[in-house]
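Topology and contacts: notes
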Amino acid sequence: MIGKEVISVTEKIDGYKERLALIQQNGNLSIEAEALLEEMMADLVELNRSNKALRRAIMKTGQASTMSTRLRDALYE
């Protein structure tokens, strides 16, 4: 990734929303295509939210297991 900026998923989604709004303003989409893109955008936002929640859960699980290992080691001493 030399020379490329790291762009967060949230920034990408915001960019997609802006581009979709511009296309909608121009009227270049059929009603079906516009509905499909809006549904896909909503799914993308929900998947991003779900991904963040899963990452938090994994981090908490990892921290909890580390603490229990420390406690177990202390009890065995």
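Calculation rules
Residues numbered from 1 in each chain as written. Predicted model: local features only at pLDDT ≥ 70, side-chain atom pairs only at ≥ 80, totals over all residues. Heavy atoms only, no water. Patch = residues over 30% accessible without salt bridge, like charges linked within 9 Å, V, L, I, M, F, W, Y side chains within 5 Å. Areas by Shrake-Rupley, 256 points an atom, 1.4 Å probe, with all protein chains shown as cover. Salt bridge = Lys/Arg side-chain N within 4 Å of Asp/Glu carboxyl O. Helix = DSSP H or I, 4+ residues; strand = E, 2+ residues; numbered from the N terminus. Buried < 20%, exposed > 50% of the residue type's maximum accessible area, 1.4 Å probe, protein only. 1 Å grid on protein atoms, 1.4 Å probe; cavity = no way out; pocket = protein on both sides within 12 Å on 5 of 7 lines; lining within 4 Å. Points joined across faces, edges and corners; volume = space filled by probe spheres on them. Nonpolar A, V, L, I, M, F, W, Y, C, P; charged D, E, K, R; others polar. Contact = heavy atoms within 4.5 Å. Polar contact = N/O pair within 3.5 Å; in protein donor to acceptor, adjacent residues only side chain to side chain.

The chain is annotated in an unreviewed UniProt entry as Ni2+-binding GTPase from Paenibacillus pseudetheri.

Glancing now at a nonpolar patch on the surface. The grouping of Leu-36, Leu-37 and Met-40 at the surface amounts to a nonpolar patch, some 260 Å² of accessible area in total. Of note, Leu-37 is situated in helix α2 (residues 31–76). Take Leu-37: its relative accessible area is 32%, and that puts it in the partly exposed class.

Our next topic: the layout of surface pockets. In this approach, a probe sized like a water molecule rolls over the atoms, and the result shows the empty space that is left. Its boundaries defined by the atoms lining it, the largest pocket holds a volume of some 150 Å³. Around the largest pocket sit Tyr-16, Arg-19, Leu-20, Ile-23, Leu-37, Met-40, Met-41 and Leu-44, which together line it. For the lining of the largest pocket, the secondary-structure elements that each account for two or more residues are α1 (9–26) and α2. Considered class by class, the residues forming the lining of the largest pocket number 7 nonpolar, no polar and 1 charged.

All right, on to the pattern of salt bridges then. Summed over the entire model, instances satisfying the criterion amount to 1 salt bridge. Two residues, Arg-49 and Glu-46, come together in a salt bridge whose shortest N-O distance is 2.6 Å. A residue pair is termed a helical-turn pair when its members lie 3 or 4 positions apart in one helix, as Arg-49 and Glu-46 do in helix α2 at 3 residues. Arg-49 gets classed as partly exposed once you look at its relative accessible area, which sits at 46%. In this structure Glu-46 comes out as partly exposed when scored by relative accessible area, which is 39%.

Mapped onto the elements of the fold, Asn-48 is located in helix α2. Not counting residues within four places of it along the chain, the set of residues in contact with Asn-48 comprises Val-9, Thr-10 and Ile-13.

Of note, Thr-10 is situated in helix α1. Each C-alpha atom of the pair Thr-10 and Val-45 lies 8.5 Å from the other, and the pair is 35 residues apart in sequence. Filtering out sequence-adjacent residues up to four positions away, Thr-10 remains in contact with Asn-48 and Lys-52. A distance of 3.3 Å separates a polar atom in the side chain of Thr-10 from a polar atom in the side chain of Lys-52.

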